[in-house]
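Structure assessment
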Amino acid sequence: MNLFKTTLFFSLSCLVNQAFAQDAMVEHGNEVYLHWCAPCHDDGPRRAGTLALQFVYKGERPAVLDERTDLLPEYTKLIVRNGISIMPPFRKTEINDEELDALAAYLARNNN
Amino acid sequence: MATLPPGVSSADFSTALEQFAEAVGPDWVFSSDEDVALYRDAYSPFWGEEQELVASAAVSPTRVEEVQEVVRVANQYQIPLYPISTGKNLGYGGSAPSYSGSVVVDLKRMNRVLEINERNASCLVEPGVSYFDLYRAIQDQGAKLWIDCPDPGWGSPIGNSLDHGLGYTMNGYRDHFDAHCGMEVVLANGEVLRTGMGALPGSKTWQEYKYGFGPHIDGMFSQSNFGIVTKMGFWLAPEPEAFRTDSVKVYKYEDLIPLMDTVSYLVNSGIMNGRGTFGSPLTRNSAKDPALEELLSRPGGPDPRALERYAAENDVPYWTTDLRFYGLEKANDAHAEYAREKFSAIPGAKFEEGPRHRFPLTPEQQKTADHIVDFGIPNMTVFSGLAMQFRTSDNPNFGDLFYAAVIPKNGEAVFEAQRVFTEVASEFDLPLRFFSSLPSTWFPRAVVMLFSLPVSRNIEINKKTRAAFQRLVQVSEEHGWGEYRAAPAFQDLVMNAYSFNNNVLRRFHETVKDAIDPNGILSPGKSGIWPKRLRDA
Ligand SMILES: Cc1cc2nc3c(=O)[nH]c(=O)nc-3n(C[C@H](O)[C@H](O)[C@H](O)COP(=O)(O)OP(=O)(O)OC[C@H]3O[C@@H](n4cnc5c(N)ncnc54)[C@H](O)[C@@H]3O)c2cc1C
């Protein structure tokens, strides 16, 4: 019984820790997003990224990047490291791999 | 590994990379194809072709001592280096080197704002500090200071100013190199040099006084390959109380001449301390009226008289200028009133008052106001123009190549430039309307005719862009105009035009280059300056 309780306690605290770690990662990703992505991808006027995505998706998907619910982390990473259209790729000195993981987690936080 | 520095064995290159890694840490030397590809110029008009300028590796130091060590290793193995600060020089070469096979020295991680001095209205920064970073640091400190930034906020005061970049606020701040005060440079032999008052140990005035004592050599480190700049001071403007903008409308073609002269007078006499920008509603509105579009796209360029008739019939001005005044509200009003009187000398000119602001702007104003770089607030909205081209074109642009010629600041010169550039546009089937466009007014005494030529992933389009660029340089040279800045792939061409007295200027640079960088390791070919070993080759 005691063993069961201990195991349960550990499993729960691992889950809680994981959730905290995930939250912290998403929060860190939000910071990366605000620094590197928002200037072109938020909902203000004349945002190049938002305008381009409006044109591409014609309202079928949100044009503001962090309102999306379908951005797979791998896709985010691919675009950040390869660029697309007039958006150049970002170097690892700008967004390092860990920050990119966090950014991808942030953009995937509401995925279905 | 795709590319090696020319003439360097792969064994030496591997050893050099190991030694770079010892200097900066193994995570900050990039040599896999995937990582090196991040240094390609995303807007290269040679994309995917053999002539595309590409790096062999990249190394990213965080401290001056690491930069010195990188330089020492490069000397030992004769590895060409190419320093970048934030590496966002898109349209002028991006983060790619001037010589294929160079190792990019990526200074993005040297990102400390070392000082913000509100009393002296100055700052001291490292190369990786972007305009966004500097702006934020000033806000965090609560200093009432403005930066002057180029349209894209992700570039850096150091990278931008070293390429003679330009911004949008008050006279004296827009020319970013001109607004710097004091530099620290790692020379090709690894020594650290400080310019101006910085040469005085314990100096109290490095960001206060530019010249120090003796020859003022700061300019030699801009658009050059004589050193790696690791710190720079900049003068900042105290936040003004208020801003007003007014516009003047004129209706005849030749009215541009007195319009420009009056703006020059107001600027040069200190009455207007902001930019006077020029425009023409005729070119702006053409999409809305097919009749106008036809007039504008006439082969050989529009007929000024026909456009004048159109302007009169439709009550549209031929030219406009927007005036900008910064400072005390009362003083701005007095200056604008004086400007109104001056412009009234042009028959039919109409003076209209525009928006006014008081500072600081509210967060809402910051988000929505037009062109907030006019208020020293970094942003990225300029890219929306490129995004719109993407929307409308069958062969979407992947960027652009800037051609930027310096033209005298007067109406006659602008007419001549428009005529000459329109001919080139016809020859290369580029949009004529664009080529008859108006000059940019970053500088106080000259204007820049700036054209963004399309860059694509389609080789044929890129070839045409390159050919048009070459032709533009050629016709400019014939007319006594030169470029203020160009992408590395075209720097030989541009420098060749600066050929007075049998290219004495370039020969002088070469003499300096050979003396201070005998192994020719720093940015070979930058601004057309090649080290001896590559000149002879
Ligand atoms: C749509 C668009 C709009 C633009 N608008 C403007 C504008 O308004 N004004 C303007 O000026 N530019 C403009 N540009 C051009 C460019 O984007 C900016 O000038 C940008 O600031 C330059 O990039 P950077 O600051 O990252 O400099 P970097 O790319 O880091 O540096 C530029 C060059 O300077 C040299 N260099 C950099 N750092 C060092 C160093 N530490 N030591 C020695 N040499 C060094 C290198 O040769 C380097 O290639 C625009 C570009 C685009 C695409």
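See above for the structure.
Residues numbered from 1 in each chain as written. Chains lettered and ligands numbered in written order. Predicted model: local features only at pLDDT ≥ 70, side-chain atom pairs only at ≥ 80, totals over all residues. Heavy atoms only, no water.

Points about the environment of N30 of chain A
Filter applied, for reference: Helix and strand definitions follow DSSP, with helices as H or I runs of at least four residues and strands as E runs of at least two, each counted in order from the N terminus.
Structurally, N30 of chain A is set in helix 1 (residues 2-41). Through-space distance from the C-alpha of N30 of chain A to that of E99 of chain A is 9.9 Å; in sequence the pair is 69 residues apart.

Here's the deal with the sheet that holds strand 13 (residues 277-279) of chain B
All names here are of chain B. The condition that has to hold: At least two bridges found by DSSP between two strands are what make those strands a pair. Simply put, an axis is a line fit to the C-alpha atoms, just over the touching stretch for a helix, and the angle between two N-to-C directions goes from 0 to 180 degrees. Note on definitions: a residue-residue contact is assigned when non-hydrogen atoms from the two residues lie within 4.5 Å.
On the basis of which strands lie adjacent, the open sheet formed by four strands has the order 13-14-12-15 and antiparallel pairing. The sheet is open, and its two borders are formed by strand 13 and strand 15 (350-358), each paired with just one other strand. Along the sheet, successive strands turn relative to each other by an average axial angle of 20°, direction set aside. Examined bridge by bridge, strand 12 (residues 242-250) and strand 15 share seven bridges and lie antiparallel to one another. Note on strand 15: the bridge partner recorded for V248 is F351. Helix-sheet contacts for helix 10 (residues 329-343) involve strand 12, strand 14 (319-327) and strand 15, and the interaxial angle to strand 14 is about 155°.

Regarding unusual backbone geometry
All names here are of chain B. In this chain, F359 is followed by P360 through a cis amide linkage whose omega measures 0°. Residue placement: P360 occurs in the loop between strand 15 and helix 11 (363-368). Of note in this structure, N501 is not a glycine but carries a positive phi near 50°. Along the polypeptide, N501 turns up in helix 17 (residues 500-516).

Some details on the packing of helix 3 (residues 73-82) of chain A against helix 4 (residues 97-107) of chain A
Residue and element names in this part refer to chain A. To keep things clear, this is the line we draw: Any angle that is under 35 degrees is reported as roughly parallel, and any over 145 degrees as roughly antiparallel; angles of 65 to 115 degrees are reported as roughly perpendicular and all others as oblique. A clockwise turn of the near helix away from the far one marks a right-handed crossing, whereas an anticlockwise turn of less than a right angle marks a left-handed crossing. Under this grouping Gly is polar, as are all residues other than the nonpolar Ala, Val, Leu, Ile, Met, Phe, Trp, Tyr, Cys and Pro and the charged Asp, Glu, Lys and Arg.
Where helix 3 contacts helix 4, the axes come no closer than 8 Å and their chain directions differ by 130°. Considered as vectors, helix 3 and helix 4 are oriented oblique to each other. The crossing of helix 3 and helix 4 is right-handed. Two secondary-structure elements touch here, helix 3 through P73, T76, K77, V80 and R81 and helix 4 through D97, L100, D101, L103, A104 and L107. Residues that form the contact of helix 3 with helix 4 fall into these classes: six nonpolar, one polar and four charged.

Quick notes on the site of the ligand
Residue and element names in this part refer to chain B. Using the following cut-off: Neighbouring residues are identified by heavy atoms, a residue being near a molecule or strand if any of them is within 4 Å of it. Polar contacts here mean pairs of N or O atoms no more than 3.5 Å apart (in protein, one a potential hydrogen donor and the other a potential acceptor; neighbouring residues in sequence count only if both atoms are side-chain atoms). With residues, only the protein chains shown are counted as cover, and all accessible areas are computed by Shrake-Rupley using a 1.4 Å probe. Note that the domain bounds were set by an automatic or database domain assignment.
In the vicinity of the ligand lie 31 residues, with S85, T86, K88, Y168 and R485 positioned nearest. S85 is positioned with one of its side-chain polar atoms (N or O) 2.7 Å from a nitrogen atom of the ligand. R485 places a polar side-chain atom, nitrogen or oxygen, 2.6 Å from an oxygen atom of the ligand. Considered on its own, the ligand offers 970 Å² of accessible surface; in the complex 96% of this is hidden by protein. For the shell around the ligand, the elements supplying multiple residues, two or more each, are strand 3 (81-84), helix 5 (157-162) and strand 10 (227-235). Within the shell around the ligand, the residues separate by chemical class into 17 nonpolar, ten polar and four charged. Among the domains, domain 1 (10-106) and domain 2 (113-238) are the pair contributing at least three residues each to the shell around the ligand.

Some points on the pairing of strand 6 (residues 122-125) of chain B
Residue and element names in this part refer to chain B. What counts, and what does not: We call a residue buried when its accessible area falls under 20% of the maximum for its residue type, exposed when it is over 50%, and partly exposed in between, using a 1.4 Å probe and counting protein chains only.
Burial along strand 6 is two-sided: the face carrying S122 and L124 and the face carrying C123 and V125 are both buried. Bridge count between strand 5 (residues 113-117) and strand 6: four bridges; the pairing is antiparallel. Bridging across to strand 6, I116 finds its partner in C123. With four bridges joining them, strand 6 and strand 10 adopt antiparallel strand pairing. Directly across from C123, in strand 10, lies its bridge partner F234.

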